[in-house]
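Spelled out, the chains give:
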Amino acid sequence: EEYSIDECFADISGLRRPLYMSYRTIAEHIKHDLEQELGMTFTLGLAPTKVLAKLGSKWNKPSGLVIIPGTELHLFLRKVPIQDVWGIGEQTTKHMQGLGINTAFDLARMEWNLVNGHFTKPHQEIWNELRGNARLLLETEEKHGQQSISKTKTFTPTTTDINYILAQLSKNTENACIKARRHKLAARRI
């Protein structure tokens, strides 16, 4: 699944037998081949879910391979601040911290009734993903008939500096235009 201009997800489950390799070895080969072919470094996260893989890929930059086995989720998640979890923004971080959730492990160990009572579907899916239950499936089909394109990103630090805000807006606009070109679309309005 193409996630952004420089990120993707791949499901390699079921490839150990046909390739006669462990998942670790498969990931090492992917990383090596990409770096050799493209001449740049890559960071890979290997985990049971997309959220966990994303956390792993961010953990050991600029050229790492982080493997998070399902049996060791708790060890890894204890080290991850809640604000570093993919899909949890600044306001949700504050809300979670107010509930005593400071790490990804704190969220993952919550009982379902509390998660269901305090969070909406996207954060319930993150809770499941942190527990090793895949809820965010790969989207491998090419997207057609796109009616709109948006790019969002929370940037820090919080600021009132108009030049900094305009620079961030400019970057997001450029990313949206890249996405439009990739889908062979033209804007009718911005």
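Above this text sits the structure in question.
Read on for an overview of the structure. Keep in mind the model is a prediction, meaning the values are calculated, not measured.

## What to know about the packing of aromatic side chains
Okay, step 1: Inspection of every chain in the model, using the stated rule, returns 5 aromatic pairs.
Okay, step 2: Aromatic side chains phenylalanine 9 and tryptophan 86 sit 5.5 Å apart centroid to centroid with 35 degrees between the ring planes, which places their arrangement in the tilted category. Here tryptophan 86 lies in the loop between helix H4 (73-77) and helix H5 (90-98) and phenylalanine 9 lies in the loop between strand E2 (7-8) and helix H1 (16-19), a separation of 77 residues in the sequence.
Okay, step 3: Centroid distance tryptophan 59 to phenylalanine 76: 5.0 Å. Interplanar angle 65 degrees. Geometry classified as edge-to-face. With tryptophan 59 in helix H3 (residues 50-59) and phenylalanine 76 in helix H4, this residue pair connects regions lying 17 residues apart in the sequence.
Okay, step 4: Overall, the relative accessible area of 39% leaves tryptophan 59 in the partly exposed class.
Okay, step 5: Taken together, Tyr3, Phe9 and Trp86 form an aromatic cluster joined through their ring pairs.
Okay, step 6: Cation over ring: arginine 78 sits above phenylalanine 105, and NZ or CZ is 4.0 Å from the ring centre.

## What to know about a nonpolar patch on the surface
Okay, step 1: A contiguous nonpolar surface patch, about 330 Å² in accessible area, is contributed by Ile30, Leu34, Leu38 and Met40.
Okay, step 2: Its place among the elements puts isoleucine 30 in helix H2 (residues 23-38).

## Examining helix H8 (residues 121-130)
Okay, step 1: Burial within H8 is extensive, with 7 of its 10 residues counted as buried.
Okay, step 2: Residues of H8 that are buried make contact with H3, H4, H5, helix H6 (104-108) and helix H7 (112-118).
Okay, step 3: Remark: glycine 132 follows H8 within two positions and exhibits a positive phi of approximately 90 degrees.

## Focus on unusual backbone geometry
Okay, step 1: Residue proline 62 follows lysine 61 across a cis peptide bond; omega there is 15 degrees.
Okay, step 2: Along the chain, the position of proline 62 falls in the loop between H3 and strand E4 (65-67).
Okay, step 3: Even without a glycine there, the phi angle at tyrosine 20 is positive, about 55 degrees.
Okay, step 4: Its location among the elements puts tyrosine 20 in the loop between H1 and H2.
Okay, step 5: What makes tyrosine 20 exposed here is its relative accessible area of 76%.

## Structural notes on H5
Okay, step 1: The complete set of buried residues in H5 reads Thr92, Thr93 and Met96. Buried residues along H5 cover an arc of 105 degrees about the axis, so they all sit on one side. Exposed residues on H5 whose side chains face more than 90 degrees from its buried face are Gln91 and Gly98.
Okay, step 2: Where H5 is buried, its residues contact H6 and H8.
Okay, step 3: Downstream of H5 by one or two residues, glycine 100 has phi in the positive range, about 85 degrees.

Conventions adopted
Residues numbered from 1 in each chain as written. Predicted model: local features only at pLDDT ≥ 70, side-chain atom pairs only at ≥ 80, totals over all residues. Heavy atoms only, no water. Phe/Tyr/Trp six-rings, centres within 6.5 Å; stacked < 30°, edge-to-face > 60°. Helix = DSSP H or I, 4+ residues; strand = E, 2+ residues; numbered from the N terminus. Buried < 20%, exposed > 50% of the residue type's maximum accessible area, 1.4 Å probe, protein only. Lys NZ or Arg CZ within 6 Å of the ring centre and 35° of its normal. Patch = residues over 30% accessible without salt bridge, like charges linked within 9 Å, V, L, I, M, F, W, Y side chains within 5 Å. Areas by Shrake-Rupley, 256 points an atom, 1.4 Å probe, with all protein chains shown as cover. Salt bridge = Lys/Arg side-chain N within 4 Å of Asp/Glu carboxyl O. Contact = heavy atoms within 4.5 Å. Arc of directions from axis to C-beta.

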